Amino acid sequence: MHDYSTQSVRPGVEREELEFDVLFVGAGPSNLAGLWRLLDLIEANNARPGARKLEGLTIGLIEKGDAIGDHAFSGAVLDPAALVELCPDYQERGFPSEGEVKREEVWLFTERGGFQAPVPPPFLRNHGHPIVSLSRMVRWMAEAIEQREVPGVDVMLLPGFAGSRVLWEDGRVVGVQTADKGINADGTPRSNFEPGNCLKAKVTVFGEGPRGHLARELEEVLQLQAGAVNPQLYETGAKEIWEIEPGRVPDGFVLHSTGWPQGDGESGGSFVYKMGGNRLAVGYVVSLDTRDPFADAHLALQKFKTHPRIKPMLEGGKMVQYGAKALAIGGWYSMPRLAFAGGMLVGDAAQMVNAARLKGIHLGMKSGLCAAETIVQALLEEDFSEAALSRYAQAFMASWAGAELHRTRNFHQIIAHGLTPMAALKLGISLVAGGWTPGDPLRGSSDARATQSTEAFYGKAGVKRDSLDWGVKFDGRLCVSKLDDVYASGVMHDEHQPGHLKIVKGDAVCVGCWDTKGSPCTVFCPAQVYEMHPDQDGRVEKVAIAFSNCVHCKTCDIKCPEENVIWTPPEGGGGPKYTLC
Ligand SMILES: Cc1cc2nc3c(=O)[nH]c(=O)nc-3n(C[C@H](O)[C@H](O)[C@H](O)COP(=O)(O)OP(=O)(O)OC[C@H]3O[C@@H](n4cnc5c(N)ncnc54)[C@H](O)[C@@H]3O)c2cc1C
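Residues numbered from 1 in each chain as written. Predicted model: local features only at pLDDT ≥ 70, side-chain atom pairs only at ≥ 80, totals over all residues. Heavy atoms only, no water.

J.: Help me understand the side chain of E208, please; the structure alone is not making it clear to me.
T.: Residue placement: E208 occurs in the loop between β12 (198-206) and α4 (213-222). Buried and unpaired, E208 has no salt bridge, with K554 as the nearest side chain of opposite charge at 5.6 Å. A polar contact is formed between the side chain of E208 and the backbone nitrogen of L214, at a distance of 3.0 Å. From its side chain, E208 meets the backbone nitrogen of A215 in a polar contact 2.7 Å long. Apart from residues no more than four positions distant in its own chain, E208 is found in contact with V25, H213, L214, A215 and A349. (Helix = DSSP H or I, 4+ residues; strand = E, 2+ residues; numbered from the N terminus. Buried < 20%, exposed > 50% of the residue type's maximum accessible area, 1.4 Å probe, protein only. Lys, Arg positive; Asp, Glu negative; His and termini not counted. Salt bridge = Lys/Arg side-chain N within 4 Å of Asp/Glu carboxyl O. Polar contact = N/O pair within 3.5 Å; in protein donor to acceptor, adjacent residues only side chain to side chain. Contact = heavy atoms within 4.5 Å.)

J.: Would you mind going over the packing of aromatic side chains with me for this structure?
T.: Two numbers describe a pair of aromatic rings. These are the distance of the centres and the angle of the planes. The final tally for this structure, using the stated rule, is 14 aromatic pairs. Summarising the aromatic geometry, the rings of F206 and F340 are spaced 6.4 Å apart at their centres and angled 40° between planes, so their arrangement reads as tilted. Here F206, found in strand β12, pairs with F340, found in strand β18 (residues 339-340); they are 134 residues apart in sequence, far enough to count as distant. Exposure class is identical for F206 and F340. Each is buried. Here the aromatic rings of Y458 and W470 are separated by 6.3 Å at their centres, their planes lie at 85°, and the arrangement is edge-to-face. Within this pair, whereas Y458 is found in helix α13 (residues 454-458), its partner W470 is found in the loop between α13 and α14 (482-487), the two being separated by 12 residues in sequence. On the basis of relative accessible area, Y458 is assigned to the partly exposed category, the value being 24%. (Phe/Tyr/Trp six-rings, centres within 6.5 Å; stacked < 30°, edge-to-face > 60°.)

J.: When you look at the site of the ligand in this model, what are you seeing that I'm missing?
T.: Lining the immediate environment of the ligand, one finds 37 residues, of which E63, S74, V77, K325 and D348 sit closest. At 3.0 Å from a nitrogen atom of the ligand is found a main-chain nitrogen or oxygen belonging to G75. Compared with its free state, where it exposes 1000 Å², the ligand has 98% of that area covered by protein. Among the secondary structure elements, those contributing two or more residues to the shell around the ligand are α1 (29-47), β15 (268-275) and β17 (318-328). Top element by residues in the shell around the ligand is β17. It accounts for 3 residues. The residue makeup of the shell around the ligand, split by class, is 19 nonpolar, 12 polar and 6 charged. (Near = heavy atom within 4 Å. Areas by Shrake-Rupley, 256 points an atom, 1.4 Å probe, with all protein chains shown as cover. Nonpolar A, V, L, I, M, F, W, Y, C, P; charged D, E, K, R; others polar.)

In structure tokens:
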């Protein structure tokens, strides 16, 4: 088993222990919806005549971003189904919508043109849905929670604290330890050393988003993936926010495309969403089960912007923010066990994304709502066993969200190698047959292991990415280099701390990967964290890791073909600073 403890196990260090009834890890939409609903339900319970009162409760939420919303990153067009359940009057309560979808285009792009669907396929119909910045949306949710006063309940929102390891007692989860702060790269404490705390809870809700570091530990220790058909699967999405000239894109405009610049046999696609204030979100997602060792979401985005349908929208405009993140696309057949003694997994941490719709916010939020209902029951019965908490899993699977994931259960596998005529046929069948398609369940392979050698994929043994022509000129205006984009993410880490990206199998493995696969980490990382510096003879000794560039997308942890990288949380507060993403 991997060591997930990061820098936070230090024998002899005294740690404060804080007791919670319920602890949420991660301030994404899934957990914030869960916490909000939990407060509603406790209030409703306590107002019910004759009901056993839930009083003297302490509920905590930790978030590794410096402020809630700093690490929130998405597309995003929101299916408001779960939001309406949570807050039916959200529009009157100042919900930060960027506009409402009014005009939609869906394309199969070729390099110079393409084919536009006469009407969007059913799964890409978004008419009337709000366009949002997830960063702004979760700030709004956190503010609404902060303004609540529920008698008998103490709520603590704790941004700037990263959960670094799971706390266990007799095989059950009893909380998390937060990461130490103020340590030197060599592990010695600095004058500002602050030991992480042990946050103990009767129930811990893990909503870390895609490829959660703690969720990984839980999966391994509790074998949560054992009953799943497929491994957990991901895409990486890179996105830029542009300020554009007025009139270039109408309000409420949404475009999705597949095809170019992805090569044949590859899967991915784009999104273009008109936001408020004459801003435009332009993004590209690349499936990580690609065989291509040089797959690169950032490069795909740069090429995509040069397409004749897209370029005129951006002319005269300016890129103002950049971000990147993994997206958990495995869906129904990749979902882990959702509940265990003392804890639950919600949202992207449990692969709850509808890949066909490129949507997971509403599903994650619904999982939070279902989790809250189960937690109230557990608090009333004082039973936090796996059997008691598993009612959450049953409720989620039986809800509209479970049905939606079931209906698209084969989607990614069908198009994993591109929208071929056979894939289109299978997709058509699955649309009319409630998700069934010949071969159901279609199997998927691990993202890391799907990567081929450069010889197998490019027909050139030992070829390096920089020796190939990628057809993009980084002019700093339309096509932005990775480093310039990283700057626009606002990313910052205390550079004195130990690197949080762990090479677990040794440098020799990286050297072998350079020789055979051209070091995919130096290509797929959307923040240029990894670099190989060959000597005059082309030999390398190790990979150089600029961890301070890391935007916490988790792609390296997922896609390193040698499974040689583990992403661990840096000191709380470090990372990107998204305000519009
Ligand atoms: C490019 C892209 C486009 C997308 N487009 C759309 C769209 O248009 N519509 C849609 O509905 N969905 C979209 N999604 C998916 C959507 O963003 C996710 O499904 C959703 O954000 C999941 O919510 P979550 O709360 O589960 O996780 P997240 O939103 O990932 O939130 C997790 C939070 O936990 C924090 N965290 C993680 N680990 C720790 C830790 N150890 N300690 C403390 N805090 C921690 C993170 O910093 C983060 O704030 C898109 C995703 C991507 C990447």
